[in-house]
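Chain by chain, the residues:
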Amino acid sequence: MKNSLVSAIVFFYLLIVSVRSDVLSDSCRKAAKGNPIIKFDFCVSFLKENPKAKSATGVADLVEVVIETAISNAKSIGSIISKILSNNSLGQYVRSCLEDCSELYTDAGSDLSRGEQAFEGKDYGMANTVVSAAMEAAVTCEDQFKEKKGVVSPLTKENKVFFQLTAISLAFINMVQKL
Ligand SMILES: *[C@@H]1O[C@H](CO)[C@@H](O)[C@H](O)[C@H]1NC(C)=O
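Residues numbered from 1 in each chain as written. Predicted model: local features only at pLDDT ≥ 70, side-chain atom pairs only at ≥ 80, totals over all residues. Heavy atoms only, no water.

S.K.: Any chance you could explain the overall build of the chain here in plain terms?
M.R.: Scanning the chain from N- to C-terminus turns up eight helices and zero strands. N-terminal to C-terminal, the α/β element order of the chain is α-α-α-α-α-α-α-α. Restricting the contact set of the chain to residue pairs at least 6 apart, pairs at least 24 apart contribute 68%. Summed over all atoms, the accessible surface of the chain reaches about 10300 Å², with 59% contributed by carbon and sulfur. (Helix = DSSP H or I, 4+ residues; strand = E, 2+ residues; numbered from the N terminus. Contact = heavy atoms within 4.5 Å. Areas by Shrake-Rupley, 256 points an atom, 1.4 Å probe, with all protein chains shown as cover.)

S.K.: Would you mind showing me how to read the side chain of S25 here?
M.R.: Relative to the elements of secondary structure, S25 occurs in helix α2 (residues 23–34). Setting aside residues up to four positions removed in sequence, S25 forms contacts with F40 and V44.

S.K.: Sorry, what's going on with the layout of surface pockets here?
M.R.: A water-sized probe rolled over the atoms picks out the places where empty space is left. Considered as a void within the structure, the largest pocket measures approximately 170 Å³ in volume. What lines the largest pocket is simply I37, A138, V139, E142, D143, K146, T156, N159, K160, F163 and Q164. Going through the elements one at a time, α7 (124–146) and α8 (156–178) are the ones with two or more residues in the lining of the largest pocket. For the lining of the largest pocket, the per-class residue count stands at four nonpolar, three polar and four charged. (1 Å grid on protein atoms, 1.4 Å probe; cavity = no way out; pocket = protein on both sides within 12 Å on 5 of 7 lines; lining within 4 Å. Points joined across faces, edges and corners; volume = space filled by probe spheres on them. Nonpolar A, V, L, I, M, F, W, Y, C, P; charged D, E, K, R; others polar.)

S.K.: Before we go on, may I ask you to explain the pattern of salt bridges in this structure?
M.R.: Note that side chains of opposite charge can pair when their charged atoms are close. Tallied over the entire structure, the rule returns four salt bridges. A salt bridge links E68 to K52; its shortest N-O distance comes to 3.0 Å. On the criterion of sequence distance, the pair formed by E68 in helix α5 (residues 59–85) and K52 in helix α4 (residues 51–54) is long-range, its members being 16 residues apart. Look at E68 and you get partly exposed, because its relative accessible area is 26%. Accessibility expressed as a relative area gives 42% for K52, which makes it partly exposed. (Salt bridge = Lys/Arg side-chain N within 4 Å of Asp/Glu carboxyl O. Buried < 20%, exposed > 50% of the residue type's maximum accessible area, 1.4 Å probe, protein only.)

S.K.: It is not clear to me how the side chain of S153 should be interpreted in this structure. Could you clarify?
M.R.: Tracing the chain through its elements places S153 in the loop between α7 and α8. There is a polar contact of 3.3 Å between the side chain of S153 and the backbone nitrogen of T156. The residues touching S153, leaving out its near neighbours within four places in the chain, are E142, F145 and N159. (Polar contact = N/O pair within 3.5 Å; in protein donor to acceptor, adjacent residues only side chain to side chain.)

S.K.: Any chance you could explain the nonpolar core here in plain terms?
M.R.: Considering soluble globular proteins, one finds that nonpolar side chains tend to be buried as a cluster. Grouped together as the largest cluster of nonpolar side chains are 57 residues, with contacts concentrated most on Y105, F145, F162 and F172. Residue assignment for this core shows that the elements contributing at least two residues are α2, α3 (40–47), α5, α6 (92–120), α7 and α8. F145 has contacts with V94, C97, L98, C101, V151, V152, S153, P154 and L155, leaving out every residue within four places of it along the chain. (Core = buried A, V, L, I, M, F, W, Y, C linked by side-chain atoms within 4.5 Å.)

S.K.: Hey, could you run me through the environment of A60 in this one?
M.R.: Among the secondary structure elements, A60 is positioned in helix α5. Exposure remark for A60: the relative accessible area of 30% places this residue in the partly exposed category. Considered as a pair, A60 and M175 are 115 residues apart in the sequence and their alpha carbons are 8.4 Å apart. Contact partners of A60, with chain neighbours within four places excluded, come to F119 and V176.

S.K.: Whenever I open this one, a negative patch on the surface confuses me. Can you help?
M.R.: A cluster of acidic residues, E99, D100, E103 and D107, forms a negative patch on the protein surface. Within the secondary structure, E103 is located in helix α6. (Patch = residues over 30% accessible without salt bridge, like charges linked within 9 Å, V, L, I, M, F, W, Y side chains within 5 Å. Lys, Arg positive; Asp, Glu negative; His and termini not counted. Charge placed at Lys NZ, Arg CZ, Asp CG, Glu CD.)

Here you go:
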């Protein structure tokens, strides 16, 4: 009798600990299940780099983690673009695409900040709208390069990463909304 009580307590303790420590994987798994674009491994490995991900007690904490990750990602894409633009032998078409992309990512950064604020204010509809707008930056940027034959996007990898991050943000916001 006593023994089974102890093992029940131990069992529930372990259950609680494992549930808490697995908020990130659980949320990423759910996000990947709900949207085939989202890759589980990418979600976990990218987000666990933020120390706040470890102390997350629910998906709501992860929304902030992923939006902040996306904001700093948008900034680093901006720096990558400036670096590419410093090449003087770049063709005019590629140069103007890159300048557009730079603007798109600056706007995406402010959209994401607005999204974070809206989320904090529990205005999930607005959060969804502005994060979706930020997501479009990746698509618009990548598509421009396809419009001219022989031009290859130098930002394919960056656009893909940013797209994933915003898709994960939307998935997490959705999960909070359904709680
Ligand atoms: C500069 O751009 C040209 C033309 O796209 C390319 O061939 C060259 O590799 C670039 N140079 C550097 C240092 O990236």
